[in-house]
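Secondary and tertiary structure notes
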Amino acid sequence: MWKGGDDFDRGLAEFVPYVMDELGSALRHSDEPNFRIAPFLYMPEGKLASAISFSLLWPIKNVHRGDECTRDFLFGIGEDKQRSARLTAWFRTPQGYFIQKYKKYVHLLESTRFCRPLLEAPVTNSILPSDGRALHVYTDIPQVDEFLTRKEFVLTNDPKDADIIWTSFQVDEEIKNTIGIKDHQYINQFPFEACLVMKHHLAETIHKAHGLPEWLQPTYNLEAQLSELIGDYHIRKNDGFDNLWILKPWNMARTIDTTVTGELPAIIRLMETGPKICQKYIEHPALFKGRKFDLRYIVLVRSMRPLEIFLSDVFWVRLANNIYTLDKSSFLEYETHFTVMNYIGRLNHMATPEFVMEFEKEHQVKWLDIHQRTCNMIRAVFESAVVVHPEMHSSSSRAIYGVDVMLDSCFQPKLLEVTYCPDCTRACKYDTQAVVGSRKHIKGRDFFNDVFGCLFLGESASCTQL
């Protein structure tokens, strides 16, 4: 299918695959084609449900009787977009070239030596005015609007009047000028934080800082590193190693346009649906009662220089619904290979203390050992940003980030992604008993009271400094 099929975009990253009829499928590739072909939807009722699909075929050169009809499989894609490497989806290409590209790339990363940032004294303090007036907060996030109830903070509907702007939209210079945001106002995002929250930049930042850390699966930006990926793929195939990969869009959440596959043509063709990273799939994750899971941690950042970060004592487990299997037929089963059920599938919330207790019992491990390794990894991730992107520093920024972690079968943490303005619905909805840090009972309705207390009042209730 991946060699003979095509796809078209229905919008909102929804791509529909299709295979043409005998005539369309018989058209072979040429770098100098004499025909072009394109999908065409006819909607007689003006609605997608009534659509009839066609493939339009037309000549772009004079064609004579007996000439073969050809098309360019990669129309509009030149070498600046890795044309030769992408033709591997249809044709045999020299493995040696790609393997050498991969080995050179790995050698470069293995020679990287991490320069840990110097430990400096904290520079942040409470920003509560000395006259005792409350801090004005503008927010468009429902949980903050509902649960930020401390007397030190008062909500306002006008961002120009706010001391703190806590928002889900990106605040760039254009937005600042349009709204009238001033330099003295605090914003819940750091400059250049894309180096953490966009997947391709996250991998690049970590590679530049740490090379090839064990806690990051092999990761390739398909828009620039397809040749290196192909080399890696061939080496694994030749050596008989696992060769399952997961493709993730650069900047989408909720597993939109995310695919698990072990087929190289599929990996290459899926580039057509938008920019992606390709990451080695964790084929053998730690399981809970036979099911996959990952962990959502909340990191509070007061400062990037010096680095002042805190880990919330509130974290939660996200469970797949189906028993885990590597059977090929399961790769399209969302509830087998993915864990985010807030928007798709059936959400089965499990209290963190109950999960930790049963996980320790099932696997005969100590959660505190796993937690310490996870803390070290999270600290290393943010240190990467400090070293590689010092321009992230801003004295008027405070933020929280979601860090998603999976454990492999040896209970070693693996970084999945870092999320800006994470969905904290579960943290606000459920009371919990902290299994790390303070070990105290934490009420869900106090989550954002504690977050704002840490970031803006210099407190550390229900969180631990890393």
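Our structure is the block above this text.
In this text, all values refer to a predicted model and were calculated from it rather than measured experimentally.

1. Considering the overall build of the protein
Helix and strand content of the protein: 14 helices and 22 strands. Relative to its length of 466 residues, the protein is compact, with a C-alpha radius of gyration of 25 Å against a globular reference of 23 Å. Principal-axis analysis of the C-alpha atoms places the extent of the protein at approximately 90 × 55 × 45 Å. Going through the 466 residues of the protein one by one, you find that 53% of them count as buried. In the protein, of all internal contacts separated by at least 6 residues, the share reaching a separation of at least 24 is 67%. As presented, the protein carries roughly 23,100 Å² of accessible surface, and 52% of it is formed by carbon and sulfur atoms.

2. Quick notes on the nonpolar core
Residues Leu196, Phe293, Phe355, Phe359, Trp367 and Phe382 are the most contacted members of the largest nonpolar core, which totals 49 residues. Residues Ile127, Phe153, Ile400 and Val451 belong to the second largest nonpolar core, which totals 31 residues.

3. Considerations on the packing of aromatic side chains
Scanning the model with the defined rule gives 21 aromatic pairs in all. Ring geometry for Trp166 and Phe456: centres 6.3 Å apart, planes at 75 degrees, overall edge-to-face. Of the two residues, Trp166 sits in strand 9 (residues 164-166) while Phe456 sits in helix 14 (residues 447-457), which places them 290 residues apart along the sequence. The buried category is assigned to Trp166, whose relative accessible area is 2%. The structure contains a cluster of three or more aromatic residues connected by ring pairs, namely Phe288, Phe293, Tyr297, Phe315, Phe355, Phe359, Trp367 and Phe411. The side chain of Arg36 reaches across the aromatic face of Phe75, ending 3.8 Å from its centre. The residue whose ring lies beneath Lys280 is Trp245, and the NZ or CZ to ring-centre distance is 5.9 Å.

4. Some thoughts on the environment of Leu368
Inspection of the secondary structure assignment puts Leu368 in helix 12 (residues 367-388). Given the relative accessible area of 44%, Leu368 is considered partly exposed. Separated by 68 residues in sequence, Leu368 and Val436 place their C-alpha atoms 7.4 Å apart.

5. Quick notes on the sheet that holds strand 7 (residues 135-139)
Spatially, 8-7-9-10 is the arrangement adopted by the 4 strands of the open sheet, whose pairing is parallel. Of all the strands in the sheet, the pair left with one neighbour each is strand 8 (153-155) and strand 10 (186-187). Inspection of the sheet shows strand 7 paired to strand 9 by 3 bridges, in the parallel sense. Each bridged residue has a counterpart across the sheet, and for Thr139 the counterpart in strand 9 is Trp166. The strands touched by helix 14 within the sheet are strand 7, strand 8, strand 9 and strand 10, with strand 9 carrying the most contacts at an inclination of about 135 degrees.

6. Focus: the pattern of salt bridges
Summed over the entire model, instances satisfying the criterion amount to 22 salt bridges. For Arg236, the salt bridge is made with Asp232, and the minimal N-O distance between the two is 2.8 Å. In this pair, Arg236 and Asp232 both sit in helix 8 (residues 226-239), 4 residues apart, roughly one turn of the helix. By relative accessible area, which is 16% here, Arg236 ends up buried. Measuring nitrogen to oxygen at the nearest pair gives 2.5 Å for the salt bridge that ties Arg269 to Glu272. Relative accessible area serves as the criterion here: at 5%, Arg269 is assigned to the buried category. Residue classification places Glu272 among the partly exposed residues on the basis of a relative accessible area of 29%.

7. Comments concerning the sheet that holds strand 13 (residues 259-261)
Sheet strands pair via backbone hydrogen bonds, and the direction of the pair is either parallel or antiparallel. Across the sheet, which stays open at both edges, the 4 strands sit in the order 11-14-12-13 with antiparallel pairing between neighbours. Of all strands in the sheet, those bounded by a partner on one side alone are strand 11 (219-221) and strand 13. When strand polarity is set aside, the average angle formed by the axes of neighbouring strands in this sheet is 20 degrees. Along the sheet, helix 7 (residues 199-210) makes contact with strand 11, strand 12 (245-249) and strand 14 (276-280), crossing strand 11 at roughly 120 degrees.

8. Overview of the pairing of strand 7
On a regular strand, each side chain points to the face opposite its neighbour's, so the side chains alternate between the two faces of the sheet. Among the 5 residues that make up strand 7, 4 are buried, leaving the element largely enclosed by the rest of the structure. For strand 7 and strand 8, the ladder comprises 3 bridges, and the chain directions are parallel. By the bridge assignment, Leu135 is partnered in strand 8 with Phe153. A crossover links strand 7 with its parallel partner strand 8, the connecting element being helix 4 (residues 142-147), and its sense is right-handed.

9. Some details on the environment of Ile268
Structurally, the position occupied by Ile268 is in helix 9 (residues 264-269). Owing to a relative accessible area of 2%, Ile268 belongs among the buried residues under this scheme. Once the C-alpha coordinates of Ile268 and Leu222 are considered, the two residues, 46 residues apart in sequence, prove to be 8.3 Å apart. Sequence-distant contacts of Ile268, defined by excluding residues within four places in its chain, comprise Ala85, Arg86, Thr88, Ala89, Leu226 and Ile230.

10. Some details on the packing of helix 7 against helix 12
Running from N to C, helix 7 and helix 12 point in directions that differ by 80 degrees, and their axes come no closer than 9 Å. By the angle between their axes, helix 7 is roughly perpendicular relative to helix 12. In this structure, helix 7 uses Leu202, Thr205, Ile206, Lys208, Ala209 and His210 to contact helix 12, whose residues at the interface are Ala380, Val381, Ser384, Ala385 and Val388. Residues belonging to the contact of helix 7 with helix 12 are distributed by class as follows: 7 nonpolar, 3 polar and 1 charged.

So, how was this worked out
Residues numbered from 1 in each chain as written. Predicted model: local features only at pLDDT ≥ 70, side-chain atom pairs only at ≥ 80, totals over all residues. Heavy atoms only, no water. Helix = DSSP H or I, 4+ residues; strand = E, 2+ residues; numbered from the N terminus. Rg over C-alpha atoms; globule rule 2.2 N^0.38 Å. Buried < 20%, exposed > 50% of the residue type's maximum accessible area, 1.4 Å probe, protein only. Contact = heavy atoms within 4.5 Å. Areas by Shrake-Rupley, 256 points an atom, 1.4 Å probe, with all protein chains shown as cover. Core = buried A, V, L, I, M, F, W, Y, C linked by side-chain atoms within 4.5 Å. Phe/Tyr/Trp six-rings, centres within 6.5 Å; stacked < 30°, edge-to-face > 60°. Lys NZ or Arg CZ within 6 Å of the ring centre and 35° of its normal. Pairing = 2+ DSSP bridges. Axes fitted to C-alpha atoms, helices over the stretch in contact; angles between N-to-C directions. Salt bridge = Lys/Arg side-chain N within 4 Å of Asp/Glu carboxyl O. Right-handed = clockwise from strand over helix to strand, strands pointing away. Parallel < 35°, antiparallel > 145°, perpendicular 65-115°, else oblique. Nonpolar A, V, L, I, M, F, W, Y, C, P; charged D, E, K, R; others polar.

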